[in-house]
Amino acid sequence: MLIRIVPTLALALLFSTTTSAHSPDKVRKQAKKPQCEAFLKKPKEEMDASDPVTRAMMKKCEVEQQDQTESKGNAALENDEHHH
Amino acid sequence: MKAIKITLGLILLLIATGVGFLYSGLYPMGADDRHWGVSYWALETLRERSIKRASENISVPDLGDSDLLLSGGADYNDMCAGCHLQPGVSSTDLSLGLYPAPPDLTASADKHDHAHPFGEHDWDAALRRQFWIIKHGIKASGMPAWGETHTDERIWAMVAFIQKLPELNEMQYQILTARGESDQGGHH
């Protein structure tokens, strides 16, 4: 009995440190769109399609492009496109 | 008989001292008051031995799929970067104010101190450890248990993402982690 209390107390002492976790300030910032312009301008030969990071970026940016062309009827987006 | 009495007496004294210390209010509780080297060592050893044991039997899935980087990246940016940083951000209020400090996950494993505490070069063990920590959190530290609210799949995706994080530049990080318009409802 006593033998068990001692290590428990010792641990309690060790653990008597604490930090309180507030919700991180970055959480739930407004969703941002991927900034693909610079990446998509790179010549295709320079991209290594076997690299998972590059592949993931290509995928993300292609979806983004498709979204833009599909919603061409949308006046706001159309305006946006004329700037390019 | 006498020896037993003396031992018992000593043990009681120890307990009394311990409890007395708890009630005395002498322990400095502030996160800005650092541990002694020996307490730090004890806590770290306790943490690493415990996690190692608890994560032993977790089986690591294939983390090669590039889709994992997209789902894990967006989640990391929403939930983790405030403490564990991101390319181009070298400190935040949380990364500076928390104690124990959240390791900088944009630094490669060799640079931040507790990635391979036992000099293990066992890649799977490192992945299991990270998965376990993200899922269960770490007691008496700022690290939350994300398993309460997230599936194992999403947690593995974050594990996959943080393997790549040290290599990413700001542009790559931005693209991988941005939640595009196509992918807004995905969270929580």
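The structure this text deals with has already been given above.
Here is a short report on the structure shown in this document.

Basis of the calculations
Residues numbered from 1 in each chain as written. Chains lettered and ligands numbered in written order. Predicted model: local features only at pLDDT ≥ 70, side-chain atom pairs only at ≥ 80, totals over all residues. Heavy atoms only, no water. Helix = DSSP H or I, 4+ residues; strand = E, 2+ residues; numbered from the N terminus. Expected span 1.5 Å × (residues − 1). Contact = heavy atoms within 4.5 Å. Buried < 20%, exposed > 50% of the residue type's maximum accessible area, 1.4 Å probe, protein only. Polar contact = N/O pair within 3.5 Å; in protein donor to acceptor, adjacent residues only side chain to side chain. Axes fitted to C-alpha atoms, helices over the stretch in contact; angles between N-to-C directions. Parallel < 35°, antiparallel > 145°, perpendicular 65-115°, else oblique. Nonpolar A, V, L, I, M, F, W, Y, C, P; charged D, E, K, R; others polar. Disulfide = S-S within 2.5 Å.

### Some words on helix α7 (residues 152-164) of chain B
Right, so step 1: Over its 13 residues, α7 of chain B runs 19 Å from end to end, which matches the ideal 18 Å to within 8%, given 1.5 Å per residue.
Right, so step 2: Of the surrounding elements, those touching the buried residues of α7 of chain B are α3 (66-79), α6 (123-136) and α8 (170-177) of chain B.

### Quick word on α3 of chain B
Residue and element names in this part refer to chain B.
Right, so step 1: Its 14 residues place the ends of α3 20 Å apart at the C-alpha level, agreeing with the 20 Å of an ideal helix rising 1.5 Å per residue.
Right, so step 2: By the burial criterion, the buried members of α3 are Ser-66, Leu-68, Leu-69, Leu-70, Gly-72, Gly-73, Ala-74, Asp-75, Tyr-76, Asp-78 and Met-79.
Right, so step 3: Between the side-chain oxygen of the N-cap and the backbone nitrogen of Asp-67 there are 2.9 Å, and the N-cap of α3 in question is Asp-65.

### Some details on the packing of α3 of chain B against α7 of chain B
All names here are of chain B.
Right, so step 1: Running from N to C, α3 and α7 cross one another at 90°; their axes reach a closest spacing of 7 Å. As the angle between them shows, α3 and α7 are arranged roughly perpendicular. In contact with Leu-68, Leu-69, Ser-71, Gly-72, Gly-73, Asp-75, Tyr-76 and Met-79 of α3, α7 contributes Arg-154, Ala-157, Met-158, Ala-160, Phe-161, Ile-162 and Lys-164.
Right, so step 2: A breakdown of the residues in the contact of α3 with α7 according to their chemical character gives 9 nonpolar, 3 polar and 3 charged.

### Focus on the state of the cysteines
Right, so step 1: Counted according to the given criterion, the structure contains 1 disulfide over all chains.
Right, so step 2: With its sulfur 2.1 Å from that of its partner, Cys-36 of chain A forms a disulfide with Cys-61 of chain A. Handedness here is read from the sign of the S-S torsion; for Cys-36 of chain A and Cys-61 of chain A, about -85°, the answer is left-handed. Here Cys-36 of chain A, found in the loop between α1 (2-14) and α2 (37-41), pairs with Cys-61 of chain A, found in helix α3 (residues 52-70); they are 25 residues apart in sequence, far enough to count as distant. Each of the two residues, Cys-36 of chain A as well as Cys-61 of chain A, counts as buried.
Right, so step 3: Free cysteine: Cys-80 of chain B, not disulfide-bonded; nearest cysteine sulfur from Cys-83 of chain B at 8.6 Å.
Right, so step 4: Classification of Cys-80 of chain B by relative accessible area gives buried; the value is 11%.
Right, so step 5: Residue classification places Cys-83 of chain B among the buried positions, given a relative accessible area of 17%.

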